Amino acid sequence: MLIVMKADALPSDIEKVLEVIDSLGFRGHALPGETRTAIGVTGNPGSIDPAHFENLPGVADAIRVTKPYKLISKDLRPEKSVVKVGNATIGGPELAIIAGPCAIENEKQVFTAAQAVADSGARFFRGGAFKPRTSPYAFQGLGIDGLKMLAEVRDQYGLNIVTEAMDEHGVAAVEKYGDCIQIGARNMQNFSLLRYIGQTRKPILLKRGLSATLDELMLAAEYIMAEGNYDVILCERGIRTFANHARNTMDLSIVPAIHRATHLPVIVDPSHGTGHNYMVTPLARAGVAVGADGIIIEVHPCPEEALCDGAQALTPGQYIELVEQVRKIHEVLTVDVLSTMTT
Ligand code: PEP
Ligand code: MN
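Reading the values: the criteria
Residues numbered from 1 in each chain as written. Chains lettered and ligands numbered in written order. Predicted model: local features only at pLDDT ≥ 70, side-chain atom pairs only at ≥ 80, totals over all residues. Heavy atoms only, no water. Helix = DSSP H or I, 4+ residues; strand = E, 2+ residues; numbered from the N terminus. Rg over C-alpha atoms; globule rule 2.2 N^0.38 Å. Buried < 20%, exposed > 50% of the residue type's maximum accessible area, 1.4 Å probe, protein only. Contact = heavy atoms within 4.5 Å. Areas by Shrake-Rupley, 256 points an atom, 1.4 Å probe, with all protein chains shown as cover. Lys, Arg positive; Asp, Glu negative; His and termini not counted. Charge placed at Lys NZ, Arg CZ, Asp CG, Glu CD. Near = heavy atom within 4 Å. Polar contact = N/O pair within 3.5 Å; in protein donor to acceptor, adjacent residues only side chain to side chain. Nonpolar A, V, L, I, M, F, W, Y, C, P; charged D, E, K, R; others polar. Axes fitted to C-alpha atoms, helices over the stretch in contact; angles between N-to-C directions. Parallel < 35°, antiparallel > 145°, perpendicular 65-115°, else oblique. Left-handed = near helix turned anticlockwise from the far one by under 90°. Donors = N, O, S within 2.8 Å, 3.2 Å for Na, K, Ca; no water. Expected span 1.5 Å × (residues − 1).

Now for the overall build of the chain. Helix and strand counts for the chain come out as 12 helices and 14 strands. The C-alpha radius of gyration of the chain comes to 21 Å, within 12% of the 20 Å expected for a compact globule of 343 residues. The C-alpha extent of the chain, read off along each of the three principal axes, is 65 × 45 × 40 Å. Put simply, the chain has 343 residues, and 55% of those count as buried. Considering only contacts in the chain between residues 6 or more positions apart, those separated by 24 or more positions represent 70%. Working note: accessible area of the chain is about 14,500 Å², and carbon and sulfur atoms make up 52% of it. Averaging the positions of the 32 positive and the 40 negative side-chain charges in the chain gives two centres separated by 2 Å.

Surveying the vicinity of ligand 1 reveals 13 residues, the closest of which are Arg126, Lys131, Ala185, Arg186 and Arg237. Glutamine 182 places a polar side-chain atom, nitrogen or oxygen, 2.9 Å from an oxygen atom of ligand 1. At a separation of 3.3 Å, an oxygen atom of ligand 1 approaches a polar side-chain atom of histidine 272. A per-class count over the shell around ligand 1 returns 3 nonpolar, 3 polar and 7 charged.

Let's shift gears to the packing of helix α4 (residues 144–157) against helix α5 (residues 168–177). Interhelical geometry of α4 versus α5 gives an angle of 20° and a closest axis separation of 9 Å. Comparing the axis directions of α4 and α5 gives the class roughly parallel. Crossing hand, α4 versus α5: right-handed. Residues Ile144, Leu147, Lys148, Ala151 and Arg154 of α4 lie in contact with α5, whose contacting residues are Ala173, Val174 and Tyr177.

Mapping valine 268 onto the fold places it in strand β13 (residues 266–268). Sequence spacing of valine 268 and isoleucine 295 is 27 residues, and the spatial spacing of their C-alpha atoms is 4.9 Å. Residue contacts for valine 268: discarding those within four places in its chain leaves Cys235, Glu236, Met250, Leu252, Val255, Gly287, Ala292, Gly294, Ile295 and Ile296.

Surrounding the manganese ion (ligand 2) are the protein donor atoms Cys102 (SG), His272 (NE2), Glu298 (OE) and Asp309 (OD), at 2.0 to 2.4 Å. Every donor residue of the manganese ion (ligand 2) comes from the same chain, spaced as C-x169-H-x25-E-x10-D. Of this pair, cysteine 102 sits in the loop between β7 (96–100) and α3 (107–119) while glutamate 298 sits in strand β14 (residues 294–298), placing them 196 residues apart in sequence. The same class applies to cysteine 102 as to glutamate 298, namely buried.

Contact pair helix α10 (residues 277–289) / helix α11 (residues 316–332): the axes reach a minimum separation of 9 Å and the direction vectors enclose 20°. Comparing their axes, α11 and α10 come out roughly parallel. When you trace α10 past α11, the crossing you get is right-handed. Along the contact surface, α10 presents Asn277, Val280, Thr281, Ala284, Arg285, Val288 and Ala289, while α11 presents Gln318, Leu322, Gln325, Val326, Ile329 and His330. For the contact of α10 with α11, a count of residues per class yields 7 nonpolar, 5 polar and 1 charged.

Taking 1.5 Å per residue as the helical rise, α4 with its 14 residues ought to reach 20 Å, and the 20 Å between its terminal C-alpha atoms agrees with that figure. Restricting attention to buried positions, one finds in α4 the residues Gly146, Leu147, Met149, Leu150, Ala151 and Val153. The inward-facing, buried residues of α4 contact α3, β8 (124–126), β9 (160–164) and α5. Positive backbone phi, at 70°, marks glycine 158, one or two positions downstream of α4.

Bringing the environment of isoleucine 320 into the picture now. Tracing the sequence through the fold places isoleucine 320 in helix α11. Residue isoleucine 320 is classed as partly exposed on the basis of its relative accessible area, which comes to 26%. Considered as a pair, isoleucine 320 and phenylalanine 242 are 78 residues apart in the sequence and their alpha carbons are 32 Å apart. In this view, isoleucine 320 contacts Ala116, Asp119 and Ser120; residues no more than four positions away in its chain are not counted.

Another aspect to go through is unusual backbone geometry. Phi angles above zero are rare outside glycine, and aspartate 309 is one such case at about 55°. Residue aspartate 309 is classed as buried on the basis of its relative accessible area, which comes to 18%.

Spelled out as structure tokens, the structure:
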């Protein structure tokens, strides 16, 4: 059920609707929009009689929702969501640029990368302290020591920190030191973890699973939002296909498909999406051209020495050039062009 409030509904009207939802044993999610607030209802096993709501003060309409997703849907929030991450935003008019090494390795590596990211004018720094590695013998990340270095980067450069958590213990640590919790491709359908992060109040960067469909990605976001955390950013990071010229196949068609289906912002990751240094910049340009709200890029001061994902890391110089190029592309995508492209 979706309850659309009138434009002039009072906060007390919204409270009343939430109370009625609560008294029925369900959960209400009030999402304020530009022109009106809509309230999504979750936790109901079957359909709810609209009569519970239609005559309450401030209610414009009570609509049954037949789609499997409710809170991520544009029916609930027709305008795009802008997600606040630290002191910056993702999904607004500015192209979000998140960059940094795959893994935090040492102070010198982190600070050299952070200098380049700050110089580029990006607002977000990435770096894994908890790394999901295919082999148990590969470098697993520095853990809390890595997070402390990330917190130093934030203090020194004012960059907002995006970093992965793989379990509940990691979530608590990232909540303490970071600004945005990344959920990696391998955990996109770890439903208990999704529920857990849904109870935090940190924004979530949710990466598409290795072979996840659009619906599966959206329902993973729905898991997080159903727990009350509405600050979710989606990320296309390439999927497994038969193609073997790249590490993954970056599925750019999902960007307009996401914009059509949901109000959530979406960014692209051409580093994991391709796995090859020489492909990262062209695919970053393509991702921005297709309407992504941002990019996430791996940068390493010395890619050949990287402990993780060196083949796809850009040098600081290559990264600075990438940013100049994608900014130019983003500039030509005026609001008018974008709106015709995504509808
Ligand atoms: C990463 O961002 O370093 C990472 C491990 O990404 P993914 O989960 O997309 O593989
Ligand atoms: Mn990586």
